[in-house]
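A structural walkthrough
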Amino acid sequence: MDKKLSERILASAGAKKASLVLKHGTVVNVFTAGLEQADIAIEDGCIVGLGDYEGVTEIDLKGAVVCPSLIDGHIHLESSMVAPGEFERTVIPHGTQAVITDPHEIANVAGTQGIQFMMERTEGLTLDVFFMLPSCVPATGLDESGAVLSADKLEPFYKEERVLGLAELMNSYGTTRADRGILDKLSGALDRNKLVDGHAPGLSGKELNAYVTAGVQSDHECSDASEAIEKLSRGQWIMIREGTAARNLEALIPLFQEPYYHRCMLVTDDKHPGDLLRLGHIDYIIRRAISLGADPVHAVIMGSYNAAQYFGLKDRGAVAPGYKANLIVVSDLENFRVEQVYKNGKLVAENGSMKEGILAAEIKHIDTPVRVGDSFHLKEIVPEQLHIEKKSDQVRVLCLTPGELTTTERLVSWTEKEGYAPGVDVDQDIVKMAVFERHHDTGHIGLGFLGGYGLKNGAVATSIAHDSHNLIIAGTNDADMVLAGNTVRKNRGGLAVVANGKVLGELALPIAGLMSEEAAEEVDEKLEKLKEEAGKLGISNSIDPFMTLAFASLPVIPKLRLNTYGLIDAEKQEIVDVMVGCM
């Protein structure tokens with residue numbers, strides 16, 4: 001260490017040539033929020049100086065902009081639908097070199113085996129993957145997952161260096177009422193000086209005070225600037241989310257200015273492979289923010305330095321002496337196209353692709369635990385299980401909100417039309433929805449009606465159903481719903497689109513019913529075909545038919561949700577209607 005430190009100091013002082021010097025760069029200075037013309041001297045993987053330097057190897061940047069590499073402060077890697085190595089291959093060329101992941105998707109399926117699987121599959125990647133431990137498995141007592149993670153089951157993972165804290169505390173209702181189980185999890189993190197991330201859409205006033213008092217230090221669920229500013233004023237950091245399903249960036253653009261941007265960071269939460277391949281990752285959020293009027297330097301700071309500061313990653317997030325030489329070179333700040341990516345001073349990606357040889361040496365194969373590789377435990381679905389008995393002339397409908405994860409409630413008249421399941425009215429944009437428990441073959445089935453989905457014919461099924469990941473089916477008729485559900489079951493998880501008794505498309509996701517081992521491009525091609533077929537059946541191309549449906553059962557976001565227990569009022573945390581299928 002002394003010799004390496006000595007070499008860095010000597011190179012910094014100009015007493016010896018640095019190993020690498022990036023000449024004539026335009027540096028984004030995250031400390032002054034300005035630009036600086038300078039050479040960047042690198043020794044032993046670290047930045048040792050800005051100024052006028054000579055190097056053993058010199059690369060002339062010709063004025064190109066140099067930024068710290070990007071950090072996603074909150075993501076679920078499982079939502080990319082690809083294994084971690086493939087995720088890495090898609091995001092590093094876009095300038096992302098670190099992500100903080102919450103593996104609660106796979107933990108809801110496979111418990112601690114799922115967390116361990118993700119930690120092992122991300123070890124040794126070029127991408128630095130840090131973890132926040134799942135806080136709500138299941139999300140609440142009104143959800144039915146494949147595992148239950150109590151505080152004592154999480155405790156051993158805090159010994160891992162890459163574990164930074166407790167992930168999004170979705171059960172804000174229980175937190176603000178001092179639920180014993182939640183307090184145990186909070187103590188497990190806070191007693192070790194670890195972070196606690198939040199998830200509390202719409203929380204305000206005294207309940208927000210109570211939530212922050214509990215030790216929750218961030219939030220990624222703000223849908224408007226006033227909500228975010230209130231949470232900022234109570235000391236929380238705000239994660240500005242722009243993902244595949246939830247897109248809050250435009251509403252939160254005011255946060256990119258003084259005094260707010262210092263405590264805000266950029267996150268994706270959930271991102272499908274096609275979006276990653278075609279649009280980008282954090283770089284896409286920065287580009288879009290700039291197009292909406294944000295200061296480019298502020299956007300870079302929010303996409304790198306702020307996340308590093310919040311998560312205690314003190315050696316990254318800045319282009320400055322003493323920091324890791326994790327850098328990106330972009331064409332210019334207005335267009336923000338990533339041209340080169342450096343990891344510890346080594347060029348790892350250029351012009352949209354990983355450098356040859358970077359991946360092969362670092363991805364290791366591990367055996368897949370049984371609960372991860374064989375997670376689908378559900379008998380073959382039959383039409384009788386979907387029968388809904390008419391109980392009144394009106395039914396409650398769970399209605400989707402375009403561009404948001406929140407839902408509303410609508411009362412509509414019961415209708416029966418030829419060719420459709422009873423209660424379905426496509427003229428009013430109302431289809432049938434079913435949620436099958438698929439982890440323990442309990443036989444639990446929640447039935448109800450979904451509004452605002454756009455489906456006019458056929459059925460869509462998915463085993464990606466946040467957060468318990470049971471099997472969701474939405475459809476206009478029972479026969480197609482049965483076929484869609486059984487197609488996913490046959491594949492040990494995944495997606496399916498069906499119409500008129502024919503499977504129009506399917507995507508197998510055998511890793512916990514969430515991820516594929518195929519290349520991101522192959523997964524994307526199949527997914528795009530599925531989306532195209534869903535569009536032909538009436539679903540608007542303005543929404544993602546699978547990501548949107550995936551959140552329809554999550555009972556922690558207002559207002560209504562449908563899961564294996566029935567129709568849930570997420571604000572009251574009560575079952576408000578039960579239409580249960582029979583086994």
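Going along each chain's sequence as written, the residues are numbered from 1 onward. The predicted nature of this model means local features are confined to residues of pLDDT at least 70 and side-chain atom pairs, given and counted, to a pLDDT of 80 or more, with totals for whole chains, interfaces and linings taken over all residues. Calculation of side-chain values draws on the structure's entire complement of heavy atoms; hydrogens and water are dropped beforehand.

In the nomenclature of an unreviewed UniProt entry, the chain corresponds to Adenine deaminase from the organism Hungatella effluvii. UniProt positions are given in the numbering used here, feature names are shortened, and annotations may be inferred rather than shown by experiment. Database annotation for the chain, UniProt heading Sequence similarities (unreviewed entry): "Belongs to the metallo-dependent hydrolases superfamily. Adenine deaminase family." The heading Catalytic activity (unreviewed entry) in the UniProt record of the chain holds the text "adenine + H2O + H(+) = hypoxanthine + NH4(+)".

Every α-helical turn comprises 3.6 residues, leaving residues that sit three or four positions apart pointing alike. Those residues of helix 6 (residues 180-190) not exposed but buried are Ile182, Lys185, Leu186, Gly188 and Ala189. Along helix 6, the residues classed as buried sweep out an arc of 155° about the axis, all on the same side. Any two residues whose heavy atoms approach within 4.5 Å at even a single point are treated as in contact. Numbering of helices and strands starts at the N terminus; helices are DSSP runs of H or I of at least 4 residues and strands are runs of E of at least 2. The secondary structure elements touched by the buried residues of helix 6 are helix 4 (151-154), strand 9 (163-169), helix 5 (172-175) and strand 10 (195-198). For helix 6, the side-chain oxygen to backbone nitrogen distance between the N-cap and Gly181 is 3.0 Å, and the N-cap itself is Asp179. Type-normalised accessible area, obtained with a 1.4 Å probe on protein chains alone, sets the label of each residue: buried when under 20%, exposed when over 50%, and partly exposed for intermediate values. By construction, the arc corresponds to the directions joining the helix axis to the C-beta atoms. Think of a polar contact as two N or O atoms within 3.5 Å of one another; within protein, one of them needs to be a possible hydrogen donor and the other a possible acceptor, and neighboring residues in sequence only count if both atoms come from side chains.

Following the UniProt record, the feature "domain: Amidohydrolase-related" (unreviewed entry) maps to residues 65-348 here. Measuring from the first to the last C-alpha atom of residues 65-348 gives 18 Å, for a span that is 33% helix and 20% strand.

On to the domain arrangement of the chain, then. Here the chain is partitioned into domain 1 (1-63), domain 2 (69-306) and domain 3 (375-576). Per the annotation, domain bounds derive from an automatic or database assignment of domains. Measuring from the centre of the C-alpha atoms in domain 1 to the corresponding centre in domain 2 gives 33 Å. Listed per partner, the contact involves 6 residues of domain 1 and 6 residues of domain 2. The contact between domain 1 and domain 2 buries some 470 Å² in all, and 85% of this surface belongs to carbon and sulfur atoms. Buried area is calculated as the accessible area (1.4 Å probe) missing from two parts once they are joined, with the contributions of both summed. Summed over the three residues of domain 1 that lose the most area to domain 2, namely Val28, Val30 and Ala33, the buried surface amounts to 80% of that side. Here a salt bridge means any side-chain nitrogen of Lys or Arg lying within 4 Å of a carboxyl oxygen belonging to Asp or Glu. Counting across the domain 1 and domain 2 interface gives 0 salt bridges.

What follows concerns the state of the cysteines. In this description, the term disulfide denotes a pair of cysteine sulfurs within 2.5 Å. Under the defined criterion, the tally for this structure stands at 0 disulfides. Residue Cys264 stays outside any disulfide, its sulfur separated by 8.7 Å from that of Cys222, the closest cysteine. Judged by relative accessible area, Cys264 falls into the buried class, the value being 0%.

A few words on the nonpolar core. The tendency in soluble globular proteins is for nonpolar side chains to be buried side by side. Grouping buried Ala, Val, Leu, Ile, Met, Phe, Trp, Tyr and Cys residues that are joined through side-chain atoms within 4.5 Å yields what is termed a nonpolar core. One finds Phe87, Ile240, Phe256, Phe336, Leu450, Tyr453 and Leu495 to be the most contacted residues of the largest nonpolar core, which totals 132 residues. Ranked by residues supplied to this core, first place goes to helix 3 (residues 104-122) with 8 residues. Viewed by domain, this core spans two of them, domain 2 (69-306) and domain 3 (375-576), each represented by three or more residues. When near neighbours in sequence (up to four residues on either side) are disregarded, Phe87 contacts Ile75, Leu77, Ser80, Val82, Val99, Leu127, Leu276 and His281.

Attention now moves to the packing of aromatic side chains. By convention here, two paired aromatic rings are described through the distance between centres and the angle between planes. When the centres of two rings from Phe, Tyr and Trp lie within 6.5 Å, Trp using its six-membered ring, the rings pair. Their planes under 30 degrees apart give stacked, over 60 give edge-to-face, and anything left gives tilted. A full pass over the atoms with the stated rule returns 5 aromatic pairs. When the centroid spacing of 5.4 Å and the interplanar angle of 80° are considered together, the rings of Phe31 and Tyr305 count as edge-to-face. One end of the pair, Phe31, is in the loop between strand 1 (18-29) and strand 2 (34-43); the other, Tyr305, is in helix 12 (residues 305-310), with 274 residues separating them in the sequence. Looking at Tyr305, the relative accessible area reads 16%, which means it is buried.

Let us now look at the pairing of strand 2. With 7 of 10 residues buried, strand 2 is to be regarded as a mostly interior element. By this definition, two strands are paired if DSSP reports at least two bridges between them. In this sheet, strand 2 lies alongside strand 1 in antiparallel orientation, the contact comprising 8 bridges. Bridged to Val21 within strand 2 is Ala41. The hairpin formed by strand 1 and strand 2 contains 4 residues between the paired strands, and Ala33 there has a positive phi angle of roughly 55°. Here strand 2 runs beside strand 3 (residues 46-51); their pairing, made up of 5 bridges, is antiparallel. Pairing of Asp39 across the sheet is with Gly51, part of strand 3. Linking two consecutive strands that pair antiparallel, namely strand 2 and strand 3, is a turn of 2 residues; a positive phi of about 55° is found at Asp44 within it.

Time to look at empty space enclosed by the protein. Grid points spaced at 1 Å and placed over the protein atoms alone form the basis of the search, with a cavity being a set where a 1.4 Å probe fits but cannot get out and a pocket an open set showing protein on both sides within 12 Å along at least five of seven lines. Lining residues have an atom within 4 Å of a point. Grid points are joined across faces, edges and corners, and a volume is the space filled by probe spheres set on the points. Taken as a whole, this structure holds 3 cavities of 30 Å³ or more when the rule is applied. Counted as a void, the largest cavity has a volume near 60 Å³. Taken together, 14 residues line the largest cavity, and the ones lying closest to its centre are His76, Glu168, Asp270, Asp467 and Phe551. Ten residues, namely Ala, Val, Leu, Ile, Met, Phe, Trp, Tyr, Cys and Pro, are considered nonpolar, four, namely Asp, Glu, Lys and Arg, are considered charged, and the remaining ones, Gly among them, are considered polar. Its residues placed into classes, the lining of the largest cavity shows 3 nonpolar, 5 polar and 6 charged.

Position of Gln97 among the secondary structure elements: in strand 7 (residues 96-101). Residues Gln97 and Glu384, 287 residues apart in the sequence, show an inter-C-alpha distance of 50 Å. If sequence neighbours within four positions are ignored, Gln97 has contacts with Ser69, Leu70, Leu127, Asp128, Asn326, Val341, Tyr342, Lys343 and Val348.

Time to look at the sheet that holds strand 12 (residues 237-241). What the 3 strands build is an open sheet, ordered 11-12-13; its pairing is parallel. Edge strands, defined here as strands with exactly one partner in the open sheet, are strand 11 (218-219) and strand 13 (264-267). Across 4 bridges, strand 12 lies against strand 13 in parallel orientation. What sits directly across from Ile240, in strand 13, is Leu266.

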